[in-house]
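Listed here are the chains, written in short residue letters.
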Amino acid sequence: MLAYYFRLALRSFRRNKILTALMVVAIGLGIGASMTTLTVFHVLSGDPIPQKSDRLFNVQLDPRPMLGYQPNEEPEDQVTRFDAEALLRERQAKHQALMTGGGVTLEPDKTSLRPFDTDARYTSADFFPMFDTPFLYGRAWQASDDDGRGRVAVISRTLNQKLFDGADSTGKPIRMDGNTFTVVGVLDAWSPNPHFYDLQTGRYGDSEDVYVPFSTAMDLKFGRNGNMNCWDNTAGDETAVNAPCVWMQYWVELPSADDAADFRAYLDNYSAQQKAAGRFQRPSNVRLRNVNQWLDYQQVVPSDVRLQLWLAMGFLLVCLINTVGLLLAKFLRRSGEIGVRRALGASRAQIFLQSLVEAGTVGLAGGLLGLVLAVIGLYAVRQQPVDYAKLATLDGQMLLLTFGLTLVASLLAGFLPALRAMQVAPAIQLKTQ
């Protein structure tokens, strides 16, 4: 029966080509605009580490002086080097990592390559198990390398391909800023977006190419990237252990989300100890946010993307309203045909179903057009000079959502016209024939 209704719909389209084209274009434009913005929003607001995002927490402390103090204000987004190293030594979490972004100059052994700069991350050994980084070759360095300022490095798959043609490079030397390091591991493809663990060096894009122990990077005075906030005289060295500057990130992994309260109490106690020692001046003011809470707090999704999403959804609604009007006009013009079918024994339910099939067929055609427009729209987004541009691609999940949205939209658009069509009185229509 549905196949018969589908053939009737195609026959109806051939009789009303212009009206059908208008409906298809209306739905296609609405679907194309909404799916373009919805896909961008989906990419930017996704959970970058869903398997444990509720167990990973960013630590915030408040080491600032009393000058300018306001009760209940947010603490600094980053922590001082002193606090990061102190918390790391105490190891009160399942995993913990201090970190900051940096940049190094690599000096390849390959004669075909000139020295080049690349992004680096200075961190501690737990960074890798905490963030579930996949390894192509080798392993992470050990905690003893942190303590002993080991000259070891983990590199990305991309850099390994560039320097070693993709071969297993564990145990091989690389030179950075005039110093020789030993490669102990090569990461497989890993690029969580948003770049949640350090939003200071960019919110979207590729991960770093080189990872070295933080203690080693500081010992060799490697250059760093990211924001820094100081509130007192630093004597010319903002990265010194006791410098009154926040510039590091500190993350912990807890056994479960329920352990957050206990760890927050530990941070409160730590703050009280630092105040008693004279380092902290303000009352205890700590925050412990999991990954998604941290991203929400940082407002990672740009406000213009949210606005574009609402505008596109509004445009889709306008397109659907126009489609409803066109379907009503089309069905009312066929009142005579519907009356004859009713007189020949077709029930109201059959008329309703036939009309819905016709509306759904229009929606399917509009959805295919909308899919093409969405692909074009996402291509246009990828040409924009923004850090998230290259992420704007239509994955399988969003492709299914496109067709789902098309089906729902077309059925909603066809419901009222179909309801009106089933109410056509056959006797009146037959008298007018």
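Just so it is clear, the model here is predicted, and its values are computed rather than measured. (Residues numbered from 1 in each chain as written. Predicted model: local features only at pLDDT ≥ 70, side-chain atom pairs only at ≥ 80, totals over all residues. Heavy atoms only, no water.)

Asker: Would you explain the overall build of the protein chain in this entry?
Answerer: Helix and strand counts for the protein chain stand at 14 helices and 13 strands. Among the 433 residues that make up the protein chain, the fraction classed as buried is 51%. Contacts spanning at least 24 positions in sequence make up 76% of the contacts within the protein chain whose residues lie at least 6 apart. (Helix = DSSP H or I, 4+ residues; strand = E, 2+ residues; numbered from the N terminus. Buried < 20%, exposed > 50% of the residue type's maximum accessible area, 1.4 Å probe, protein only. Contact = heavy atoms within 4.5 Å.)

Asker: Honestly, the pattern of salt bridges in this entry has me stumped. Any pointers?
Answerer: It is possible for side chains of opposite charge to pair when their charged atoms get near one another. Here the structure, examined in full by the defined rule, presents 18 salt bridges. With a closest N to O distance of 3.1 Å, Glu253 and Lys52 form a salt bridge. Of this pair, Glu253 sits in strand β12 (residues 249-253) while Lys52 is found in the loop between α2 (17-44) and β1 (56-60), placing the two residues 201 residues apart along the sequence. Each member of the pair, Glu253 as well as Lys52, carries the same accessibility label: buried. For the salt bridge of Glu253 with Lys94, the shortest nitrogen-to-oxygen distance reads 3.7 Å. Placement of the pair is Glu253 in strand β12 and Lys94 in the loop between α3 (81-90) and β2 (95-106), with a sequence separation of 159 residues. Looking at Glu253, the relative accessible area reads 1%, which means it is buried. Among the residues examined, Lys94 registers a relative accessible area of 47% and is labelled partly exposed. Salt bridges here are not isolated pairs; linked through shared partners, they connect Lys52, Arg55, Lys94, Asp132 and Glu253. (Salt bridge = Lys/Arg side-chain N within 4 Å of Asp/Glu carboxyl O.)

Asker: Before we go on, may I ask you to explain helix α8 (residues 260-276) in this structure?
Answerer: Here α8 is 17 residues long and its end C-alpha atoms lie 24 Å apart, about the 24 Å a rise of 1.5 Å per residue gives. Those residues of α8 lying buried are Ala260, Phe263, Tyr266, Leu267, Tyr270, Ser271 and Gln274. Along the long axis of α8, the arc covered by the buried residues comes to 140°, so they all point the same way. Residues of α8 that are exposed and angled more than 90 degrees away from the buried face: Asp262 and Ala276. Considering only its buried residues, α8 is in contact with β1, α3, β12 and β13 (287-290). Of the residues flanking the end of α8, it is Gly278, one or two places downstream, whose phi is positive at about 95°. (Expected span 1.5 Å × (residues − 1). Arc of directions from axis to C-beta.)

Asker: Can you help me understand the nonpolar core in this one?
Answerer: The biggest cluster of nonpolar side chains holds 54 residues, and the ones touching the most others in it are Phe127, Phe131, Tyr197, Tyr211 and Trp251. At eleven residues, α2 tops the list of elements feeding residues into this core. By size, the runner-up hydrophobic cluster in this structure holds 47 residues, among which are Tyr122, Leu163, Phe181 and Phe222. (Core = buried A, V, L, I, M, F, W, Y, C linked by side-chain atoms within 4.5 Å.)

Asker: What exactly am I supposed to notice about the environment of Gln293 here?
Answerer: Mapped onto the secondary structure, Gln293 falls in helix α9 (residues 291-297). Sequence separation of Gln293 and Asp54 is 239 residues, and the distance between their C-alpha atoms is 9.0 Å.

Asker: Help me out: how do you make sense of the packing of α3 against α8 in this one?
Answerer: Describing two packed helices takes the angle between their axes plus the distance from one axis to the other. At a closest axis distance of 12 Å, the pairing of α3 and α8 adopts a crossing angle of 125°. Relative to α8, α3 is oriented oblique. Here α3 and α8 pass one another in a crossing that is right-handed. Only Tyr266, Leu267, Tyr270 and Gln274 of α8 make contact with α3, whose side of the interface consists of Phe82, Asp83, Ala86, Leu87 and Glu90. (Axes fitted to C-alpha atoms, helices over the stretch in contact; angles between N-to-C directions. Parallel < 35°, antiparallel > 145°, perpendicular 65-115°, else oblique. Left-handed = near helix turned anticlockwise from the far one by under 90°.)

Asker: Would you mind going over unusual backbone geometry with me for this structure?
Answerer: Trans peptide bonds make up the majority, and among non-glycine residues the majority have a negative phi. Residues Asn193 and Pro194 are joined by a peptide bond in cis, for which omega reads 0°. Its location among the elements puts Pro194 in the loop between β7 (179-187) and β8 (210-213). Phi at Asn72 is positive, roughly 70°, even though this residue is not glycine. Residue placement: Asn72 occurs in the loop between β1 and α3. Positive phi outside glycine occurs at Asp132, with the angle close to 55°. In this fold, Asp132 is placed in the loop between α4 (127-130) and β4 (135-138).

All quantities given are derived from atomic positions and should not be read as evidence of function.
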